[in-house]
There are 2 protein chains.
Amino acid sequence: MDDRDILALGIDIGGTAVKAGLVRVTGEILADCQVQTPVDRPQEEALRTLGRALRDFVQGRRIGAVGVGCAGLVSRKAGIVHVSPNLPMWKETPLGPLLAKELDLPVFVLNDADAFALAEARAGAGRGSSPVVALTLGTGVGGAVVIDGRLSSGYHGFGGEMGHMSLAWDGPLCPCGNRGCLELFVGRQGLVSAYRAEGAWVPGGIAYDTLAGDAQGLDPRILAEAARRGDAVASAVFGRAGEILGAALANLSNLIDPALFVIGGGVAQAGELLFEPARRTLAARAMIGAAAVAPVVPAALGVRAGLLGAALHAFDGLTRGSSKTGDRG
Amino acid sequence: MDDRDILALGIDIGGTAVKAGLVRVTGEILADCQVQTPVDRPQEEALRTLGRALRDFVQGRRIGAVGVGCAGLVSRKAGIVHVSPNLPMWKETPLGPLLAKELDLPVFVLNDADAFALAEARAGAGRGSSPVVALTLGTGVGGAVVIDGRLSSGYHGFGGEMGHMSLAWDGPLCPCGNRGCLELFVGRQGLVSAYRAEGAWVPGGIAYDTLAGDAQGLDPRILAEAARRGDAVASAVFGRAGEILGAALANLSNLIDPALFVIGGGVAQAGELLFEPARRTLAARAMIGAAAVAPVVPAALGVRAGLLGAALHAFDGLTRGSSKTGDRG
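Calculation notes
- Residues numbered from 1 in each chain as written.
- Chains lettered and ligands numbered in written order.
- Predicted model: local features only at pLDDT ≥ 70, side-chain atom pairs only at ≥ 80, totals over all residues.
- Heavy atoms only, no water.
- Helix = DSSP H or I, 4+ residues; strand = E, 2+ residues; numbered from the N terminus.
- Polar contact = N/O pair within 3.5 Å; in protein donor to acceptor, adjacent residues only side chain to side chain.
- Contact = heavy atoms within 4.5 Å.
- Axes fitted to C-alpha atoms, helices over the stretch in contact; angles between N-to-C directions.
- Parallel < 35°, antiparallel > 145°, perpendicular 65-115°, else oblique.
- Left-handed = near helix turned anticlockwise from the far one by under 90°.
- Nonpolar A, V, L, I, M, F, W, Y, C, P; charged D, E, K, R; others polar.
- Pairing = 2+ DSSP bridges.
- pLDDT = per-residue confidence, 0-100.

## What about the side chain of Asp257 of chain B?
Of note, Asp257 of chain B is situated in the loop between helix H8 (232–256) and strand S12 (260–264). In terms of polar contacts, Asp257 of chain B uses its side chain to reach the backbone amide nitrogen of Phe158 of chain A, at 2.9 Å. If we skip the residues at most four places from it in the chain, Asp257 of chain B touches Ser153, Gly154, Tyr155, His156, Gly157, Phe158 and Gly159 of chain A together with Pro131, Leu252 and Ile288 of chain B.

As structure tokens, then:
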């Protein structure tokens, strides 16, 4: 049995579902599964439940290590999730050590946007490019810089928070404590609020009628659909969000000078509604000029990017031999 | 004769003066000199004049390589200065190859802010810290990210342009093509304009009387002096610039998560007038929080940081053995 036969278990802890997959070192996903995120359970109980489901899933497989991507402030070295928007009951949770105990395997934890970026840079749209700047646009906006296949995320590993780049230093307050953050403009809530502020959420409006007036259902997917069906307000909302995204990409171009931008996440499903104004603004504003500026491409791996990136991070951890949370023999 | 006896010639091409120094691999500067920048001469004549002066300076010394820092858009690999604000007659100037011919030595070229950052990170205020984010605030605002002693400047080497980070996506147009750039707020011209816009440049005003009404002399140094002597408008101008600088540092904290910020350049001479509001704003806005945020410290090496960084870059080039412009045997 050679090294290629060792598998990593990649886990992506999302707000509603935990996705897990058995991954080869080549990036090939052999099998995957999905269980409900135990959002309303205390951390130890949640991890016991999760551990049981995962043990069933991997039964009989030769697993070398486990990688876990989780939203929030994550200390990679210690495997601690300090806070997570998806798991409000988790505070200073030693996710790595607890899960290592449940599974009796080395566990390597990272931020979910870092996992997304690692997967896209190494096995997805960014394959062969470096540096890759990857952004994921959803309820939150996150990302990472990947240089030569490695995350470049700073002293504590908290870098890459592109969603909290201020593009309006004296703009609206963001829950993060900053003002005028990118996430306020291109995150789910920002898009929905901008649409409603324009007065288009009324009977007869395309999005309103699609949802029969159920405001809870209004999200970027519905807005993109409305825009494609001729809703000028929805189009304008994506146009402005795309321009602000482009301004953020110009900042990133000037700071990082990437070879490629990869954009994923639910909001990116709006496609050219968002990408066209973003590319146009980037080309107009980046110092390097339109001819040399990095291409902006959609993410290629879909919803399994997170578990794949977590698995790649686990393989890296095994190679480094430096699991702080899993070297349990 | 061991390796420590080999010297590098470090050169910093500024807007008014070219500074050069003989530098040991330890960072020690053995001797330095200064000649006028030949700003009004065509590039080949300028480089012949410069070459003569430098040959006189280094006579009889054992030089291993030459490093040159120059403002503007610089391709490190090819040693080309595409454009430089300090040398308007230079366009697509093959500075590395031309100077290598003049001096018959390998020549390694880099952007002047990169040279500043490299010197401060390795031999100055940032020594022992990584990543270091270094900014230089002057007529222009530049900087670089240094990770483990190496410049992290992207695909073309054009990264680190912190002066052209937009903090106001729909703000005033910057000559670079972007809007609301940091440089517009904390660069020399921005500070002077903000002061004059407040109506304080009038007879009886502290700065006005200091300069006997000579508006040409109004610069950040005079403004800082006026502020210290009680000019409330000058203080407020630095206070606002410091807040915007702090917002930029918060963006950099969220993106890069450095261990340390180093701030140099003429405008930084304003000291706490600028640093206090910058640190306060950074602490309030950075996601990592006030307790863990990177310290903001003044640069330590003064005006010789540029030539020192250029020399360190030359030593690196020799070690890599990859001078594209100087491997001339």
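Having put the structure on the table, let's press on.
## A closer look at the packing of helix H1 (residues 43–58) of chain A against helix H2 (residues 95–103) of chain A
All names here are of chain A. Where H1 contacts H2, the axes come no closer than 9 Å and their chain directions differ by 45°. Looking at the two axes, H1 sits oblique to H2. H1 and H2 meet at a crossing whose hand is right-handed. Contact residues: H1 offers Gln43, Glu44, Leu47, Arg48, Gly51, Leu54 and Arg55, while H2 offers Leu95, Leu98, Leu99, Glu102 and Leu103. Counted by class, the contact of H1 with H2 contains 6 nonpolar, 2 polar and 4 charged residues.

## Focus: the pairing of strand S3 (residues 29–36) of chain A
For a regular strand, side chains alternate in direction, first toward one face of the sheet and then toward the other. All names here are of chain A. Here strand S2 (residues 17–24) runs beside S3; their pairing, made up of 7 bridges, is antiparallel. The partner of Leu22 across the bridge, within S3, is Ala31. The antiparallel hairpin formed by S2 and S3 contains 4 residues in its connecting segment, where Gly27 sits at a positive phi of about 100°.

## Notes on the confidence of the model for chain A
Mean pLDDT for chain A: 93, with 96% of residues reaching 70 or above. Low pLDDT, under 50, characterises residues 323–329 of chain A; the predicted model gives this stretch 21 contacts beyond four residues in sequence or across chains.

## A few points about the sheet that holds strand S7 (residues 91–93) of chain A
Residues and elements named next belong to chain A. On the basis of which strands lie adjacent, the open sheet formed by 3 strands has the order S5-S6-S7 and antiparallel pairing. The sheet is open, and its two borders are formed by strand S5 (73–75) and S7, each paired with just one other strand. For this sheet the average axis-to-axis angle between neighbouring strands, irrespective of direction, equals 15°. With 3 bridges connecting them, S5 and strand S6 (residues 80–83) associate as antiparallel partners.

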